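So the chains spell out like this:
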Amino acid sequence: MLDHLVYAGPDLADAVTRVAELTGVTPAPGGSHPGLGTANHLADLGAGMYLEVIGPDPAQPEPDAPRPFGIDDLTEPALVAWAVRTTDLDATIAQARAHGFDPGDALEMSRATADGETLHWRLTPPSAPGTLRPFLIDWGTTPHPTTRGLPSLPLLMVTATHPDPSWVHTATDALGLEFLVRRTEKATMTAALRTPEGRQVALS
């Protein structure tokens, strides 16, 4: 199932402001990713899903490697990636490979929350921006971010465009997922969200 959507930008505060201005909901501070040079804010999308707003962490030095999700190359915030949750990451990786999609090897990750707690999880490397192929995440024994009282921003639908939808569907089919991808010249992802006033807005 969909775990979270990633909205990344070259300036974290600006990305959070854009979500707040569009939806009327301000994502809550999540924490920092030590060594990666990033930090995030989160909002609850409903049904065990959430929105991650991520960007450079001004409290960290420049990382040794490029920041994830192509953040260093972004000129403005964009919906750049999506994660699929599994409770057995190794088995899901093996299953995907057996069906023609290699999500990559599992990585150990952590995040320091605003209250000093350190969260741990495992994931596969996020695909390069524009590929639209999902990455996998396994929270293990760590409580899911949606259990932490995040501000609510209900997700209605996610759609995408790509020059070669079948290339995206090779990944989603291998994972047993349905994902609507239309053929266009540019790869994009759009989330339809419901605001507290009941309006429908598009985050892309």
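All of the points below concern the structure found in this document. (Residues numbered from 1 in each chain as written. Predicted model: local features only at pLDDT ≥ 70, side-chain atom pairs only at ≥ 80, totals over all residues. Heavy atoms only, no water.)

**Things to note about the sheet that holds strand β10 (residues 181-183)**
What counts, and what does not: At least two bridges found by DSSP between two strands are what make those strands a pair. In DSSP terms, a helix is any run of H or I states spanning at least four residues, a strand is any run of E spanning at least two, and both are numbered starting from the N terminus. For helices, the fitted line uses only the C-alpha atoms of the stretch in contact; every axis is such a line through C-alpha atoms, and the angle between N-to-C directions lies from 0 to 180 degrees.
Judged by pairing direction, the sheet is mixed, and its four strands sit side by side in the order β10-β9-β11-β12 without closing on themselves. A strand with exactly one partner marks an edge of an open sheet, and here the two such strands are β10 and β12 (200-203). Within the sheet, the average angular offset between the axes of one strand and its neighbour, ignoring direction, is 25°. Relative to β12, strand β11 (residues 188-194) runs antiparallel, the two sharing four bridges.

**Section: the environment of Leu 180**
What counts, and what does not: Any pair of residues with heavy atoms lying within 4.5 Å of one another is described as a contacting pair.
Examined against the element boundaries, Leu 180 turns out to sit in the loop between α3 (165-174) and β10. Residues Leu 180 and Pro 165 lie 15 residues apart in sequence; the distance between their C-alpha atoms is 8.8 Å. Ignoring any residue separated from it by four or fewer positions in sequence, one finds Leu 180 in contact with Thr 159 and Ala 160.

**Looking at the packing of aromatic side chains**
Worth spelling out the cut-off: By convention, a stacked pair of Phe, Tyr or Trp rings (six-membered ring in the case of Trp) has centres within 6.5 Å and planes under 30 degrees apart, an edge-to-face pair has planes over 60 apart, and any other such pair is tilted. Each residue is assigned to one of three classes by its accessible area relative to the maximum for its type, calculated with a 1.4 Å probe on protein chains only: buried under 20%, partly exposed between the two thresholds, exposed over 50%.
Taken as a whole and assessed by the stated rule, the structure comprises three aromatic pairs. Where Phe 69 meets Phe 135, the ring centres are 5.9 Å apart and the plane angle is 45°; that geometry is what we call tilted. Of the two residues, Phe 69 sits in the loop between β4 (49-56) and β5 (78-85) while Phe 135 sits in strand β8 (residues 135-138), which places them 66 residues apart along the sequence. Like Phe 69, the residue Phe 135 is buried in the burial classification. Pairing Trp 121 with Trp 139 gives two aromatic rings, centres 5.1 Å apart and planes at 40°, and the pair type is tilted. Residue Trp 121 is located in strand β7 (residues 118-123), and its partner Trp 139 is located in the loop between β8 and β9 (155-162); the two are separated by 18 residues in the primary sequence.

**Observations concerning the pairing of β8**
Residues Phe 135 and Ile 137 line one face of β8 and the alternating positions Leu 136 and Asp 138 line the opposite face, and both faces are buried. With three bridges joining them, β5 and β8 adopt parallel strand pairing. Across the sheet, Arg 85 pairs through a bridge with Ile 137, a residue of β8. In terms of strand pairing, β7 meets β8 through two bridges, oriented antiparallel. When the bridges of β8 are listed, Arg 122 appears paired with Asp 138.

**A look at the sheet that holds strand β6 (residues 107-113)**
One closed barrel holds the eight strands; their spatial order is β1-β4-β3-β2-β6-β7-β8-β5, and the pairing between them is mixed. The mean angle between the axes of side-by-side strands here comes to 35°, regardless of whether they run parallel or antiparallel. Lying over the sheet, helix α2 (residues 89-98) contacts β7 and β8, oriented at roughly 155° with respect to β8.

**Here's the deal with the pattern of salt bridges**
Any two side chains of opposite charge can pair if their charged atoms end up close together. Heads up, the condition is: Here a salt bridge means any side-chain nitrogen of Lys or Arg lying within 4 Å of a carboxyl oxygen belonging to Asp or Glu.
Enumeration over the complete set of coordinates arrives at ten salt bridges. One salt bridge in this structure joins Arg 67 and Glu 62, with 3.2 Å as the shortest N-O distance. With a relative accessible area of 9%, Arg 67 lands in the buried category. Of the charged contacts, one joins Arg 122 and Glu 108 as a salt bridge, the two residues approaching to 3.3 Å between their closest N and O atoms. Separated by 14 residues along the polypeptide, Arg 122 in strand β7 and Glu 108 in strand β6 bring together distant segments of the chain. What you see here is one network of salt bridges that share partners, running through Asp 14, Arg 18 and Glu 76.

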